[in-house]
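Coordinates in review
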Amino acid sequence: MIGGKDRRTHCGARWVAPRVAHAWLRSPRNLLDMDTFSKSDPVVVLFVQGSGSSEWKEFGRTEVIDNTLNPDFVRKFVLDYYFEEKQNLRFDVYNVDSKSCSVLKQDFLGQAFVALGEVIGSQRGRLERALTGVPGKRCGTILLLAEELSNCRDIVTMQLCANKLDKKDFFGKSDPFLVFYRSNEDGTFTICHKTEVVKNTLNPVWQPFTIPVRALCNGDYDRTVKIDVYDWDRDGSHDFIGEFATSYRELSRAQSQFTVYEVLNPRKKCKKKKYVNSGTVTLLSFSVESEFTFVDYIRGGTQLNFTVAIDFTASNGMPSQPTSLHYASPYQLSAYALALKAVGEIIQDYDSDKLFPAYGFGAKLPPDGKISHQFPLNNNVDNPSCAGIEGVLESYLQSLRTVQLYGPTNFAPVINQVAGAAAQVTDGSQYHVLLIITDGVISDMLQTKEAIVTASALPMSIIIVGVGPAEFEAMEELDGDEVRVSSRGRYAERDIVQVTPALSPVPPWARDAQPLADPRSHRVVSNWAANFFPSKFVPFRDYVDDSGNQVLSMARLAKDVLAEIPEQLLSYMKTRDIKPRRADPQ
C-alpha cells in the first residue's frame, strides 16, 4: 500500500507519496553476555538519520527480553520508505541493567548500520549484519527484515445501471450521474468518485470504473458508502434525484449476485404518503484485484541494473583548470562526481552484484584519436562494468587523464547500448536505469528521440542530469511528462525520461576565473552560473546547500531525479501484465 501523507519533493516538481514499510528485528544471535550470574537482557534501539544530515535521532525501541543471548523481538518499527532517498538506520543493542530509561546507563552490546533500501533490496527483504563497536569482541549478528504494509491495496472495478429514475427535465428526460461519498470518523462525508453523465434517459447504464479500496472506505469494509443520484444541468445547479447507502462488504456480494438499491429522496418521502422511491440502481458487476507496488517487485527478485554515461565533450573545459566542470578540487566533488554519487549510491542498494557499466561519450580515444560516443570508462570493451560506485568514480577520473575531450554531444549510441541489454531480459526480473550526465545541448536530437521511443517498450528508464550554464530547454521535449516523445509517427509507449538541470555552484577559487573558448562547439565554457540558469528549470539553489554541505546537495538532487523510477517500473510491468514473483516465505 502506498500510504502516509503526500509530500512535495524539494524542488516542488511533483507529489511523492511514501511507501509505508514495516521494519523489524528477528533472531539476533550470539550477543555479548554482560551479566555475571545470568545472561544479558537485550533491547535494541533504532536511530534514523535525516536526509543529508549527520545527526542521529532515536526512532523507537524494542521490548526488553530477559536472560537470553538469542532474543526474538516482537515489536516492529513502521517507517515511511522513499526509494529516492538514502535512509540510514542504526541499530544499537544494549543489555538493560538499570531501571533508567537512558541508554547511557545500560551496557552497550554492539551496533549495526544499514540503509533501509539495502534491507528492501536484499533477497526476500532479509538482511543479516554483524554487530560491531566493542573492541576485541565478537558482538554477534542481527537479522533485519522489511515488508510493505499490505492493508487496503486492492482495486475495485464495478458497473452500475439505474431503472425508472425521476424525470427532472421539462423538455426531456433526466441526464443522470452518480456521486460516491466515503464516510469519515466524525460523521461527515468525503466525495471519492463521480460517474460520467448519461444524457436523456431514465434508465442509464454507466461505464465500468475503477477505484482503490482505500479511497472508497479507507480499508474499513463496513464503513458507510453513500451514493447520490443527480440530474445534470448545464449551469451546474444539478437536480437531486435521490440517494442510497451501502458498504464495501455489501457491494462485494455482487460478485455472486445482482444487488438492487432503492433510490430515496427524503423530501419527497416526507411530503408524499404514497411515495415509494425515485427509481432503483442495480450493481451489475463488482471485481477486485491486487494493486502491485514497487516493493512487491523488488521483494520478488527484480534487480535494478544501473548504467552511467558521462559527457567528455570539450565544452566542459580542460579538466586541469578550475573553470572545468570535470575539475576535481581538494575541497569538493566536481558536478559530475556529485551527480554520479547522488544517484548511484541509492540505486546500488537494489543491485545484488554491485557491478555498474560506465561509459563516456564525445571524446577522442588513444592511440589513433578516434571519436567515440560509448567508450567504456574502464577501457575494457568486453566488460565495461565497474565494481561499485567508487569503481565508477575511479574509472571516470582515470579516463580524464587518458582521453581528449572533443565532441559532439550524442546520446543515441549509449541509449541504444543499454536498450540492447534491456531487450535481452523482458520478463520483469531485470530493470535498467541509465544515468546521462551532460553539460550541453544535445547534437543528435532526432536519433535520440528515435532511441527513446524504441526504449520505451523495454524495461528501462533514463535520467538526464544537466550541469553547467548551457541552455537545456531543448531537452525538455525528451521528458514526456506533458507530451509523449514521438519519432517518425511513432509515440513512446511510456514516459521513461527524467530531465533535471544541476548547475554547479561557484567555488571561492573560481569566482574570478575567465571562461574558456571551445572552437569545436562555438560555445563558451564556464560552469560558474550563479546569476543565470535556464528559466524553465529549477534553480540550482534548490539543490546546493548554502553552507556547502555536499551530502545535503546530493540528497536533494537524488530526491528529485529518482522520484519517478518506481512508477516507471510499475508502468512497464502493468503494460506487460507482469506480476511480481512470490517471495520465498523461508
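What you see is a predicted model, and the numbers here were worked out from it, not measured in a lab. (Residues numbered from 1 in each chain as written. Predicted model: local features only at pLDDT ≥ 70, side-chain atom pairs only at ≥ 80, totals over all residues. Heavy atoms only, no water.)

The step from Pro366 to Pro367 runs through a cis peptide bond, and the omega angle for that step is 5°. Note on placement: Pro367 falls in the loop between strand E21 (363–365) and strand E22 (370–372). Note that the residue after Gly407, namely Pro408, is joined by a cis bond; omega there is 0°. Looking at the element boundaries, Pro408 is found in the loop between strand E25 (404–405) and helix H8 (412–424). For Asn30, which is not a glycine, the phi torsion comes out positive at approximately 60°. (Helix = DSSP H or I, 4+ residues; strand = E, 2+ residues; numbered from the N terminus.)

This part is about the sheet that holds strand E12 (residues 176–183). Within a sheet, each strand pairs with its neighbour through backbone hydrogen bonds, oriented either parallel or antiparallel. Here four strands make up an open sheet; going across it, the order is E13-E12-E15-E16 and the pairing antiparallel. On the outer flanks of this sheet lie strand E13 (189–194) and strand E16 (239–247), each paired with one strand and no other. Adjacent strand axes in the sheet meet at a mean angle of 30°, parallel and antiparallel pairs treated alike. Note that strand E15 (residues 224–231) and E16 share eight bridges and pair antiparallel. Across the sheet, the residue bridging to Ile227 is Phe244, located in E16. (Pairing = 2+ DSSP bridges. Axes fitted to C-alpha atoms, helices over the stretch in contact; angles between N-to-C directions.)

Counted by the stated rule, this structure contains 17 aromatic pairs. With centroids separated by 5.2 Å and ring planes inclined at 50°, the aromatic side chains of Phe83 and Tyr350 adopt a geometry described as tilted. Residue Phe83 is located in the loop between strand E6 (76–81) and strand E7 (88–95), and its partner Tyr350 is located in the loop between helix H6 (335–347) and strand E20 (355–361); the two are separated by 267 residues in the primary sequence. By the burial criterion, Phe83 is buried, and Tyr350 matches it. (Phe/Tyr/Trp six-rings, centres within 6.5 Å; stacked < 30°, edge-to-face > 60°. Buried < 20%, exposed > 50% of the residue type's maximum accessible area, 1.4 Å probe, protein only.)

Let us look at the pattern of salt bridges. By the definition in use, this model includes 17 salt bridges. A salt bridge links Arg249 to Asp222; its shortest N-O distance comes to 2.7 Å. Taken together, the residues span a long stretch of sequence, with Arg249 in helix H3 (residues 248–252) and Asp222 in the loop between helix H2 (213–217) and E15 at a distance of 27 residues. On the basis of relative accessibility, which here comes to 36%, the residue Arg249 falls in the partly exposed class. The shortest N-O distance in the salt bridge between Arg488 and Glu450 comes to 3.2 Å. (Salt bridge = Lys/Arg side-chain N within 4 Å of Asp/Glu carboxyl O.)

Moving on, we come to helix H9 (residues 445–455). Extensive coverage of H9 is indicated by the burial of eight of its 11 residues. Burial in H9 covers these residues: Met445, Thr448, Lys449, Glu450, Ala451, Ile452, Val453 and Ala455.

Running from N to C, H8 and H9 cross one another at 15°; their axes reach a closest spacing of 9 Å. Comparing their axes, H9 and H8 come out roughly parallel. In the packing of H8 onto H9, the handedness of the crossing is left-handed. Residues Ala412, Ile415, Asn416 and Ala419 of H8 touch H9, and the partners they reach there are Gln447, Thr448, Ala451, Ile452 and Ala455. Looking at the contact of H8 with H9, its residues break down into six nonpolar, three polar and no charged. (Parallel < 35°, antiparallel > 145°, perpendicular 65-115°, else oblique. Left-handed = near helix turned anticlockwise from the far one by under 90°. Contact = heavy atoms within 4.5 Å. Nonpolar A, V, L, I, M, F, W, Y, C, P; charged D, E, K, R; others polar.)

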